[in-house]
Amino acid sequence: MRAMEPTDSGVVVRNGVDLHWESFGDGPTTILLLPTWSIIQSRFWKLQVPTLARRHRVITFDGRGTGLSGRPTEAASYSHLEFAADALAVLDTTHTSAAVLVSLSRGALWGIQLAADHPERVRGLVFIGPAVPLTSNIPDRQEYPFDEPLESTEGWAKYNSYYWERKYEDFLAFFFSQMFSEPHSTKQIEDCVGWGLEMPPSVLAETSRAAHVHGEEAFRKVCERVDTPVLVIHGEDDRIRPHAAGGELAEILHGSLVIVAGGGHGPMARDPILVNQLIEDFVETVAPTRSTTRWVHAACRQKRALYVSSPIGLGHALRDVAIAGELRRHHPDLQIDWLAQHPVTKVLESAGEHVHPASRWLANESAHIEDEAHEHDLHAFQAIRRMDEILVNNFTVFRDVVEEQHYDLVIGDEAWDIDYFLHENPELKRFAFAWMTDFVGWLPMPDGADAEAALTADYNAEMIEQRARFRRIRDRSIFVGDPDDIVPDSFGPDLPAIRAWTEANFDFAGYITGFDPADFVDRDSLRAELGYAPDERVCIVTVGGSGVGGSLLRRAIDAIPIAQRKVDDLRFVVVAGPRIDPKSLPRRKGVTYRPYVPNLYRHLAACDLAVVQGGLTTCMELTANRRPFVYVPLRHHFEQNFHVAHRLRRHNAGHHLTYDEASDPDGLAAAIATAVAAPVDYLPVDGGGAARAAKYLADLL
């Protein structure tokens, strides 16, 4: 799922070549994000578009040869003059009188050409890693003949048309490993290789042949005709083009230069927070907008906290509301704002909490998870990896909120974007920050084999390195659970054991239910209050709040008639949750269908049995209330299959069923009949977790 969908799109045809463009936002200033070398499509700007389009109009287009644009087959069609003319055609068709042009690598050539030939259409130029003919190549980039067979196939010898025809994907993997020289760049390399595979190697060869027709002398003459504000951003460890070229370009064009120490050739992907801010600041100097800043004297500031609760499921919101209530016991004057999205907002509205108005700019993470899930199968690790543009957008919204208003404390309950990008941009921390989670460690699924094991280990290693380097970012790390709830695994080869590392780096709150199980000891009164008859046995089927459980609901509904024949007086209540329409589910006689149910834990405390996904919150609510339940973890969901399952085994709670087993109506019905009659002997759940977590947080205020 994209973090932002285009407000308009289309195709302009120039000299017989289709050029696919998209427009985002409607701000007063237009930013044209230019295509680069046709090896990748315009989606390489995905981490810039949502942020920039909140204040500006942003236009992108696929360069000729890639994406949804046409693919001419002769080298002359890929000259810098053709690309510059394409950009002009896109400006014309989108009725753009003038724009700030932003380019990556080879795109600098078309931006400069357009600014020289049509200065009235260009308000400013931003160059990222400009690939311009001003200096020699970097020392490690040895030049090889492009159109001659080579004996060597190592290193830059792979940049060869004959090699591309034989081992194109290997070339792509090499090239993009050079582009992203920073450690932990697996996702950026993976994205670019995927886009590169859309381009036939024979066509890419033509684009490369076209690149050699623009010599240094001719390029300098074009630069002499450019008179517009300029910003150059160049990685100091750029292994594609030397950063000296960026410095020389900035000098020739009388522009500003930002060197990214340790950065490679793609800082827009590896350091998006920095690059987006540099672009926004540059646009503000070119086209300033009026703004009013309000500063409050320190002695007059009310005590404030910003709470960010993960929207992937409702469990985080329920426990966070409970923590907020306990936190106010310590600080009655504390104002808590919530940066939240659906379905968390449903819980917050019911609790009377204040949702910050900037929340409307958040890209919905639950919708992304639903888009990734298929037939009770959610590869949670990969889904979060593919959520990169959403996380960048949402962190930028957060950054703007904490810049515009003072907060004494920020609480992030599995707010991955905030924790990650604060560690990547530590200078942005200006508040106490508390991080909360109920699991630690990315774990590979068995069928992912060595490749997935390497990826999860790389992600774990990056997190461990961040924490070792910038311990000051988290003022408190809180684990929602006990040390025994931590899986007995390691983070990966040559990495520490998860439990030992977590014990050394976290405080433990115990599990947070959001309620006191002692309140439901009198189940008869509770059942009467909720409308359940004393002579019926109630089975609640629920799949949480993320909206990915529709398949399990349907399987359970198919098993209901069989289960009712096995168990007398068994009544079923199907709770669809806030993101599934109950009307979309199959109808069965004698089944009650409910949409979102506030305080569902009260119904779970009253039931005789529940059929649920493997989510931690619902399973632990049932465990705390000592109710029988069948749980069916999502396939490929590492947290449900490893972290949650380990915790439930520790508590001796629940009856585990795989989705394959649940897909058989007879098998699911048999599991229901067995579980409803089974004795309950669970490890007790301490109800003081919210108070302990609040005490940890209160100390930061």
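Residues numbered from 1 in each chain as written. Predicted model: local features only at pLDDT ≥ 70, side-chain atom pairs only at ≥ 80, totals over all residues. Heavy atoms only, no water.

1. Some words on the overall build of the protein
Point 1. Along its length, the protein carries 26 helices and 21 strands.
Point 2. A globule of 701 residues ought to have a C-alpha radius of gyration of about 27 Å, and the protein, at 28 Å, matches this closely.
Point 3. Reported as C-alpha extents along the three principal axes, the dimensions of the protein are approximately 90 × 65 × 50 Å.
Point 4. Among the 701 residues that make up the protein, the fraction classed as buried is 61%.
Point 5. At a minimum sequence separation of 6, the contacts of the protein that also span at least 24 residues come to 74%.
Point 6. When the accessible surface of the protein is split by element, carbon and sulfur atoms take 49% of a total near 27200 Å².
Point 7. In the protein, the 69 positive side-chain charges and the 99 negative ones have mean positions that sit 5 Å from each other. (Helix = DSSP H or I, 4+ residues; strand = E, 2+ residues; numbered from the N terminus. Rg over C-alpha atoms; globule rule 2.2 N^0.38 Å. Buried < 20%, exposed > 50% of the residue type's maximum accessible area, 1.4 Å probe, protein only. Contact = heavy atoms within 4.5 Å. Areas by Shrake-Rupley, 256 points an atom, 1.4 Å probe, with all protein chains shown as cover. Lys, Arg positive; Asp, Glu negative; His and termini not counted. Charge placed at Lys NZ, Arg CZ, Asp CG, Glu CD.)

2. Regarding the sheet that holds strand E17 (residues 570–575)
Point 1. Taken in spatial order, the six strands make up an open sheet running E18-E17-E16-E19-E20-E21, and their pairing is parallel. Both outer strands of the open sheet, strand E18 (591–594) and strand E21 (655–656), are each paired with one neighbouring strand and no more.
Point 2. Two elements, strand E16 (residues 537–542) and strand E19 (residues 609–613), share four bridges in a ladder whose sense is parallel. Among the inter-strand pairings, Thr542 is bridged to a residue of E19, identified as Val612. (Pairing = 2+ DSSP bridges.)

3. Some details on the state of the cysteines
Point 1. Within this structure, the stated rule accounts for zero disulfides.
Point 2. Lacking any disulfide linkage, Cys619 is separated from the closest cysteine sulfur, that of Cys607, by 12 Å.
Point 3. Residue classification places Cys619 among the buried positions, given a relative accessible area of 0%. (Disulfide = S-S within 2.5 Å.)

4. Structural notes on the packing of aromatic side chains
Point 1. A complete count under the given rule lists 38 aromatic pairs for this structure.
Point 2. With 6.1 Å between their ring centres and 75° between their planes, Phe439 and Trp442 make a pair best called edge-to-face. The residues Phe439 and Trp442 share a single accessibility class, namely buried.
Point 3. Judged by centre distance (4.7 Å) and plane angle (10°), the rings of Phe515 and Tyr601 are stacked. Of this pair, Phe515 sits in the loop between strand E15 (507–508) and helix H19 (523–530) while Tyr601 sits in helix H21 (residues 600–606), and the two are 86 residues apart along the sequence. Each member of the pair Phe515 and Tyr601 is classed as buried.
Point 4. One aromatic cluster is present, formed by Trp37, Phe146, Trp156, Tyr159, Trp164, Phe171, Phe174, Phe175 and Phe176 through successive ring pairs.
Point 5. The ring centre of Trp156 lies 4.1 Å from the NZ or CZ of Arg141, which sits over that ring.
Point 6. The cationic tip of Arg587 hangs over the ring face of Tyr593; the distance from NZ or CZ to the ring centre is 3.7 Å. (Phe/Tyr/Trp six-rings, centres within 6.5 Å; stacked < 30°, edge-to-face > 60°. Lys NZ or Arg CZ within 6 Å of the ring centre and 35° of its normal.)

5. Considerations on the packing of helix H7 (residues 216–223) against helix H8 (residues 243–252)
Point 1. Put simply, H7 and H8 touch, their axes get as near as 10 Å, and they point 40° apart. Classified by the angle between their axes, H7 and H8 sit oblique to one another. Once H7 is placed against H8, the crossing between them reads as right-handed. Along its contact with H7, which presents Phe219, Arg220 and Cys223, the element H8 presents Glu248, Leu249 and Ile252.
Point 2. Considered class by class, the residues forming the contact of H7 with H8 number four nonpolar, no polar and two charged. (Axes fitted to C-alpha atoms, helices over the stretch in contact; angles between N-to-C directions. Parallel < 35°, antiparallel > 145°, perpendicular 65-115°, else oblique. Left-handed = near helix turned anticlockwise from the far one by under 90°. Nonpolar A, V, L, I, M, F, W, Y, C, P; charged D, E, K, R; others polar.)

6. A few points about the packing of helix H22 (residues 616–624) against helix H23 (residues 638–651)
Point 1. Interhelical geometry of H22 versus H23 gives an angle of 5° and a closest axis separation of 10 Å. Considering the angle they form, H22 stands roughly parallel to H23. Counting all contacts with H22, which are made through Leu616, Cys619, Met620 and Thr623, the residues of H23 involved are Val644, Arg647, Leu648 and His651.
Point 2. Class assignment for the residues of the contact of H22 with H23 results in five nonpolar, two polar and one charged.

7. Here's the deal with the sheet that holds strand E8 (residues 256–260)
Point 1. Taking strand neighbours across the sheet as the criterion, the eight strands line up as E1-E2-E4-E3-E5-E6-E7-E8 in an open arrangement whose pairing is mixed. The two strands at the open ends of the sheet, each matched to only one other strand, are strand E1 (8–14) and E8. Along the sheet, successive strands turn relative to each other by an average axial angle of 20°, direction set aside.
Point 2. Note that strand E2 (residues 17–24) and strand E4 (residues 57–61) share four bridges and pair antiparallel.

8. Some thoughts on the pattern of salt bridges
Point 1. Enumeration over the complete set of coordinates arrives at 49 salt bridges.
Point 2. As a salt-bridge pair, Asp400 and Arg54 come within 2.9 Å of each other at their nearest N and O atoms. With Asp400 in helix H15 (residues 388–404) and Arg54 in the loop between helix H1 (49–52) and E4, this pair connects stretches of sequence that are 346 residues apart.
Point 3. The exposure class of Arg54 is buried, given its relative accessible area of 15%.
Point 4. Note that Arg499 and Asp484 form a salt bridge whose closest N and O atoms lie 2.9 Å from each other. One end of the pair, Arg499, is in helix H18 (residues 498–505); the other, Asp484, is in the loop between strand E14 (476–479) and H18, with 15 residues separating them in the sequence. (Salt bridge = Lys/Arg side-chain N within 4 Å of Asp/Glu carboxyl O.)

Functional significance is not addressed by these values, which are geometric in nature.
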